[in-house]
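So you can see what is in the structure, the chains are spelled out below.
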Amino acid sequence: MRHLARRAIALTLPLVLPAALCAVPARAAPPGAREGWRLVAAEPFDRRIDDAKHPWRPDGDGPSSPYDVDMYDNDGAYFDTVGGPAFRAQLATMRTYRKSFAFGEHGWLTAELAARDADGDGEPDAPPALTSRNGVARLDEPAHQAGVVIRSTRDLPAEYRVEMTLRGLDFGGQRDGSWDYPDGRINGYSPKGCKTNFPWASGGDFARPECEWADVRTDSNGFYYMSIMDYRQVAPHNNVFVHGHRKVAMDGYNRYKYAGSGLLYCNPVTKQYEPYSAGTGNGVNAIFMTDDRRYAAMPGTEYLMQSECGYRKGGAIVSTVDLKPELLPDEPYTFAVERRGGAYTMEMSGVFAHAGRATFRYTRSFVQDGEPIWHYNQRPDEYDGRFNADWTWTGPGGTVVDRDTWPAGSAYPDRFMIGDPHMNFYEGSARVDDIRMYVPE
């Protein structure tokens, strides 16, 4: 069956790098030098980038599409099952358009943009954009029914450090103490028209009109600062798909006026958990994914969360630190993920609420205390199949089984992603600079 395609991922290929980037001057540390690491690729965005030079192309998401991955794709069997025939009817009301282009030295980075055409005029509606100016990349997404990400073009090596500098952020969260902005936006979303998670959900009545689906304005907005994904053609998809393909992630999940118990804020000074409302809605979730299912009705993997407040598996999502977007660009943030010595490390540096200027690092082994990091194995010999499972889904469309979610003999590449990969959530803009990759010295 088509959804088994992800199981046959080829072995990780070595990243081919220009020789000039592999030599470090003997007497002068290069910009961005990190002790114990050798800089092998860097993008300062000094050269102009403009996605308008690249055409939008229709994408049918089917087996012939380069974006076809598994049953959780935009047209996947999972949605046929939980949505029934109504899902296909809804999907037929729109068309997906994509564009992809490599940039940076020897094309080591790739931009992936996606948008929908709902009015049938053959062009994307309110498409996102990726440009650069004055040494900073601009990711602009005027509508939530789209996505824009920067990813690694090739598989990351066996050990690495990847990092980026954040110089601007406007993907929701409170501003001046309010979720409702003076310009009329709501948690970063435009107030015009209805904005819902249509047509992808984990259940419910798929025959509902678009405006009767879940309102994303009063749900959440967010941004992926750095995430390691488990498949090659990393690009925007529906949010259900994305939640099943992350290994580790540092992202924002900015819940509008949330007062429930499903989110917590860690105060890194007192080292105590506080209600989500104690923060400003600009938190960073630093999450290691594991093999357990977090949700009964969708394929999201369970969260392992470490912060200055301790360790949690599952339960409330923890905001590890609280950003202060009003300080950007003068006080930028750096986000990094390392894979080294059989472990992943997430790192964030900058000026944070309560803590001031600080660096926070959290490390977990590939398998620690019996908990694996989801799809950590880049090679078959790194893993023996002990966490394999079948996931079964039922709904109006019948029953479908996702067999062998992590079998022996499997291999999953590491590829990093920055931006918004959700084609039915999130809206705003961000400014990104200095994407770098290192390998151990």
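Residues numbered from 1 in each chain as written. Predicted model: local features only at pLDDT ≥ 70, side-chain atom pairs only at ≥ 80, totals over all residues. Heavy atoms only, no water.

1. As for the packing of aromatic side chains
- This model, assessed by the stated rule, comprises 31 aromatic pairs.
- Relative to Trp213, the ring of Phe206 lies with its centre 5.2 Å away and its plane at 80°, an arrangement referred to as edge-to-face.
- Aromatic side chains Phe425 and Tyr426 sit 6.4 Å apart centroid to centroid with 75° between the ring planes, which places their arrangement in the edge-to-face category.
- Given the relative accessible area of 4%, Tyr426 is considered buried. (Phe/Tyr/Trp six-rings, centres within 6.5 Å; stacked < 30°, edge-to-face > 60°. Buried < 20%, exposed > 50% of the residue type's maximum accessible area, 1.4 Å probe, protein only.)

2. Digging into the pairing of strand 4 (residues 109-117)
- For strand 4, the tally of buried residues reaches nine of nine residues, placing the bulk of the element in the interior.
- Along strand 4, one buried face is formed by Leu109, Ala111, Leu113, Ala115 and Asp117 and the opposite face, lined by Thr110, Glu112, Ala114 and Arg116, is buried too.
- Here nine bridges tie strand 3 (residues 95-103) to strand 4, and the two strands are oriented antiparallel to one another. When the bridges of strand 4 are listed, Thr96 appears paired with Arg116.
- Hairpin remark: strand 3 followed by strand 4, antiparallel, with five residues in the connecting loop; positive phi at Gly104, about 85°.
- Bridge count for strand 4 against strand 7 (residues 146-152) is seven bridges, and the pairing is antiparallel. Within strand 7, the residue paired with Leu109 across the bridge is Ser152. (Helix = DSSP H or I, 4+ residues; strand = E, 2+ residues; numbered from the N terminus. Pairing = 2+ DSSP bridges.)

3. Brief notes about the state of the cysteines
- Evaluated as defined, the whole model comprises two disulfides.
- At a sulfur-sulfur separation of 2.2 Å, the disulfide partner of Cys266 is Cys309. Of note, the bridge from Cys266 to Cys309 carries an S-S torsion of about 95° and is right-handed in sense. Highlighted residues: Cys266 in strand 11 (residues 263-267) and Cys309 in the loop between strand 14 (301-307) and strand 15 (310-313), separated in sequence by 43 residues.
- Each bonded cysteine of the protein gets a number by its place in the sequence, and the pairs then read 1-2, 3-4. (Disulfide = S-S within 2.5 Å.)

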